[in-house]
Structure formats: C-alpha cells, structure tokens
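Tertiary structure, described
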Amino acid sequence: MSRTRARSSSIPPTPLHRRCGPRRAGRVAVAVATALCLGLAAAPVATAADEQSASGTSRGVPIPAFYDPPAELPSANGEVIRTEPLPLGLSLPGLDGRRLPGTATRLMYKSTDSAGRPVAVTGAYIEPSASWRGGGHRPLVALASGTMGQGDQCAPSFALQHPLTLTGETVSVGYEVLAIYRLLSAGAAVVVTDYVGLGTTDRLHTYVNRLDQGHALLDAVRAAHSVPGASITRDSRIGLYGYSQGGGASASAAELQPSYAPEIKLAGTYAGAPPADLTEVMKGIDGSALVGALGWSVNGFAQSDPDLREVVEANINDTGRAALEDLSTMCVGDAIFGYGFTKSNKWVTGGASLGDIIAADPKARAALDRQRIGNLRPAGPVRVASGIRDDIVPHHQSRRLAVDWCRKGANVTYEAIVLPNLGNKILTNHLVPLLTDQGDAISWMTDRLSGRPVLSNCWTMPFQP
C-alpha cells in the first residue's frame, strides 16, 4: 500500500478548521482566497466509478488504480506504459460534436530519475478541438504545473478531471487550467506532466528536483507522440511552458534537452518565476503562507539525496517530523490552512532555520548547489519573467538565471513584471504576476510555435530591475 493511502504516522490528522489558529486565521484566509480565485469551477471529487476503480485513497480522495505503476518498466525514456480516456472537468459541447476545448487522454510513461533509475510518471495529453492556424504542423506545448502539493490527489492530471477538490481533508485547485485552455484555444496540443511521484503511488513526489522535473517534462514530449489519436507529428514545433515550480521545470528541461533528449527541437521555453536557486527560495518561503513547500522540498530531497537526508535526520525534532509526515499527503490548500506562516525553526532542534542548518553543512549545501539552474546553456529561445515584488520565489534569483543564460550566449527574452507590493508573504506578490503576464507569455509562445524569430534582449539587462 502506498505511503499516500495509509498514513504511517501515529499522529492522527487534525481537521482543517482546528489546525488554523486564531492569530493567523486572517492571513491564511487571504492566502486561500487568492489561491481559490484561480479555480474556474468545481467538479465532483469522485464518482461511484472512481471509487470502484480506485485501489486506495489519499486524504479521503480515491486514487484511480491507473496511477499504480507496474513492477517492470519499459527501457526507453518516454515510452508509454498505459493510457485511458480522461474526462475534463471543464468542457463544453462543440457545434461539430467534439468537446471544447479538446479531448484528453490520461497517460503513464517511463522516465529516468535523478539517480539514473527508471521511474513511471503520469500526465495527460489534450488534443485540441481548435485548428492550428500558425503555419506548419500542429505544435505541442509541454506544460509543467506550478506547485500543487505532495499528495497523490494533487496531481495535475487529476486536477484536469477535478478542477476543485474540496473535502474535509484536502483542498486542491487546478489553477493551471487557464493557461492550458488558452493554449488549446490557439490550436496547440498540450501535454501535462505530473512530475516524479505526484500521482504515481510508488514513491513520494520529489518536489523541485532539477533532474527529475526536467526529465519528466522532456519525456512527456516523447510520450505525447505515441498517444492514440494525437495529430502532432515528428515535424511539430515543441514549446515548454511553466510558472513557479513549473518555471523551474521548464528551465531545467531547456538546459537538459541537448544531452538528455537531443531529438527534441525546442521552438521556445517560457520559465515564469523559476526557482533557480533553492538556497534563496528557501529563505523566501520560510514563514510564508506557503511554508509547506519547504516541507515538500525537504521530504523530496531526503528521499533522493543521502547528504540532505542525513542532515535532516540529525536536526529534525518531533514536531518537525510530524509536520513533514503530514505535509507529504497535502495539497496547497491543506498546507496553507495547516502550516501557513510557520517558521521552520519550530521543526528543528537548536532554534536555527532549516535553511541556516543546510547552509552550515558543506555536504548539504553542495547538494542544493547541484540543484542550481543556470549552469548550462538552454536550447532554443527562452523567456524568463518574474514579478519584481515576488517574495516567495525571490525575484533577484530569477533575474540572475536570465543573466547567467545571457552570459552563456543564450537567446533570452527577460521580462521584469513591475507591480506594487500586494502583501508580504501571503502569495499575492507571487500569484498575481502569473495572471498579469500570462497573455504575453502565451503570445510569445505561439509566435515561437509559428516559426517567428525572436531577438535576445540581454542587452537591456543593465536597465531592467
């Protein structure tokens, strides 16, 4: 039985309304309202058919047996393991009988994790109803979702079927549906990755792991070409798209493509608010509404990196151990309600923050340095955008990624999104740029998919914030 389907901790979960203390309730409410406003509509959490086909649950949500990987995996990266029709929670009947915005297929495919081992990854491919008018074959955009959580019920492919999962045990909003549907309406096919361990029930999601995410996104491109009924061809232009966690994944994939997937030719990559330097990002999320993301990072790296695991086990206290176990099955909404604005020094012995403890240990610090994005030149043109007031994924480290790539001679379009301070540590400075920049980001992407050239604006970096 998977770790998401039966809690191994002896500490029982506390109801959401009881975990939210009175002193932070107001700030949590603001943060949750901001997150929920991105959800477009609610869909049933589970149907009777879902429950019958499920082999277990995560925080009370039935997880379809589809997400259980087989014992043996194929040898080729991107090879499809299984597919099934995926009902979209938000769709409309089209005049020609086809559903709008398209027809979705849930898929499982093989990838390679950061340790070089085979791993099954799930996701979804959506064949658009709209025609592509940009010239050439229908293009494909591989979309890497922003932070969804660490529980299997938080998987982006699951959110396509259930855009709003709201129960007494979990809260998850499929906010990426807006970008996905805008790309589909332009006539581009979209493939979405669930990342390593998110959805699949055999392991924990390795949150913000550079190699795991980059590999999973590139292998989703490979898998999309084998989906039954897909209209994309080997000549289709390919784009990578992501914001926040997804921005880091798309940025990593653009760097890894030449060595990991040289047959994939990238027309363009959008990396919005990319967490390129996790040491700096840890400082930004500690004590914020989304401090749960710090717990997800620690959980994931403790699973995949022995050096970080050793440091965590040597310093974590009982409160922190219980929090990390609890967070391992949570989505974003759960984490905001349960742990919003908590300081990580409550989770460790000695009173220092988790970031300070890791920074003080040479092996752990080196492990985080290996996660740094920006040490390799990305393939194809890239667009890096970040809100200058972003205090969750700090703007300065996103800007530095653009500078690093510029110095390597990459074709970089850098966009500093200028907005006023919309509230410290409550997610607004991070989430609002996602929306305000989305139209420009998608226009830039569709131009690349149409074959229109773009010139780097690296020369403007000294004049941009």
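Residues numbered from 1 in each chain as written. Predicted model: local features only at pLDDT ≥ 70, side-chain atom pairs only at ≥ 80, totals over all residues. Heavy atoms only, no water.

Broken down by element type, the protein chain carries 17 helices and 15 strands. For the protein chain, with 465 residues in total, the buried portion stands at 61%. For the protein chain, contacts bridging at least 24 residues in sequence account for 79% of all contacts bridging at least 6. When the accessible surface of the protein chain is summed, it comes to about 17,300 Å², and 55% of that surface belongs to carbon and sulfur atoms. (Helix = DSSP H or I, 4+ residues; strand = E, 2+ residues; numbered from the N terminus. Buried < 20%, exposed > 50% of the residue type's maximum accessible area, 1.4 Å probe, protein only. Contact = heavy atoms within 4.5 Å. Areas by Shrake-Rupley, 256 points an atom, 1.4 Å probe, with all protein chains shown as cover.)

Okay, the packing of aromatic side chains next. Given two aromatic rings, one states the distance between the centres and the angle between the planes to describe the pair. Counting across every chain of the model gives four aromatic pairs. Note on Phe 66 and Tyr 67: the rings are 5.9 Å apart at their centroids and 75° apart in plane angle, and the pair reads as edge-to-face. Judged on exposure class, the residue Phe 66 and its partner Tyr 67 are both buried. Plain terms: the ring middles of Tyr 207 and Trp 296 are 5.9 Å apart, the flat faces sit at 70° to each other, and that makes the pair edge-to-face. Highlighted residues: Tyr 207 in the loop between strand E11 (189-193) and helix H6 (210-224) and Trp 296 in helix H9 (residues 292-304), separated in sequence by 89 residues. Per residue, the accessibility class of Tyr 207 equals that of Trp 296, and both read buried. In this structure, Arg 82 packs its charged tip against the face of Phe 66, placed 5.7 Å from the ring centre. Positioned above the aromatic ring of Phe 66, the side-chain terminus of Arg 106 is 5.9 Å from the ring centre. (Phe/Tyr/Trp six-rings, centres within 6.5 Å; stacked < 30°, edge-to-face > 60°. Lys NZ or Arg CZ within 6 Å of the ring centre and 35° of its normal.)

Let us now look at unusual backbone geometry. Backbone geometry places Arg 59, a non-glycine residue, at a positive phi of 50°. Secondary-structure assignment places Arg 59 in the loop between strand E1 (54-58) and strand E2 (61-64). Note on Arg 59: relative accessible area 10%, which makes it buried. For Tyr 195, which is not glycine, the phi dihedral falls at a positive 70°.

Counted by the stated rule, this structure contains 15 salt bridges. When the shortest N-O distance is used, the salt bridge between Arg 383 and Asp 437 registers 2.8 Å. Residue Arg 383 is found in strand E14 (residues 382-387), and its partner Asp 437 is found in the loop between helix H16 (428-436) and helix H17 (438-449); the two are separated by 54 residues along the sequence. Connected via shared salt-bridge partners are Asp 113, Arg 117, Asp 202 and Arg 203. (Salt bridge = Lys/Arg side-chain N within 4 Å of Asp/Glu carboxyl O.)

Under the counting rule described, the total for this entry stands at two disulfides. Between Cys 154 and Cys 331 runs a disulfide, and the two sulfur atoms are separated by 2.1 Å. The chirality of the disulfide connecting Cys 154 with Cys 331 is left-handed, given an S-S dihedral of about -100°. Here Cys 331 lies in the loop between helix H11 (318-327) and helix H12 (332-339) and Cys 154 lies in the loop between strand E8 (140-144) and helix H4 (156-161), a separation of 177 residues in the sequence. Both residues of the pair, Cys 154 and Cys 331, belong to the buried class. (Disulfide = S-S within 2.5 Å.)

The principal kink in helix H7 (residues 245-260), of about 35°, is found at Ala 254, preceding the proline Pro 258 by one to four residues. Of all 16 residues making up H7, 14 are buried, and the element is well covered by its neighbours. (Bend = angle between axes of the 7 residues up to and from the residue.)

Most of E11 is tucked away, with five of its five residues classed as buried. Burial along E11 is two-sided: the residues Ala 189, Val 191 and Thr 193 and Val 190 and Val 192 are all buried. Relative to E11, E8 runs parallel, the two sharing five bridges. In the sheet register, Val 141 faces E11, and the bridge partner there is Val 190. (Pairing = 2+ DSSP bridges.)

What follows deals with the packing of helix H5 (residues 177-185) against H17. For the pair H5 and H17, interaxial distance at closest approach is 11 Å and the crossing angle is 35°. Note on packing geometry: the crossing formed by H5 with H17 is right-handed. On the side of H5, the interface is formed by Leu 178, Ala 179, Arg 182 and Leu 183, while H17 contributes Gln 438, Gly 439, Ile 442 and Met 445. Residues of the contact of H5 with H17, tallied by class, amount to five nonpolar, two polar and one charged. (Axes fitted to C-alpha atoms, helices over the stretch in contact; angles between N-to-C directions. Left-handed = near helix turned anticlockwise from the far one by under 90°. Nonpolar A, V, L, I, M, F, W, Y, C, P; charged D, E, K, R; others polar.)

This part is about the environment of Ala 253. Mapping Ala 253 onto the fold places it in helix H7. Since its relative accessible area comes to 0%, Ala 253 is described here as buried. For the pair formed by Ala 253 and His 215, sequence separation is 38 residues and the distance between their alpha carbons is 6.6 Å. Beyond its immediate chain neighbours, meaning those up to four positions away, Ala 253 contacts Gly 214, Leu 217, Leu 218 and Leu 240.

A separate point is the side chain of Ser 398. Looking at the element boundaries, Ser 398 is found in helix H15 (residues 395-407). Separated by 3.2 Å, the side chain of Ser 398 and the backbone oxygen of Pro 274 make a polar contact. A polar side-chain atom of Ser 398 sits 3.0 Å from a polar atom in the side chain of Gln 397. If we skip the residues at most four places from it in the chain, Ser 398 touches Ala 273, Pro 274, Val 384, Ser 386 and Val 393. (Polar contact = N/O pair within 3.5 Å; in protein donor to acceptor, adjacent residues only side chain to side chain.)

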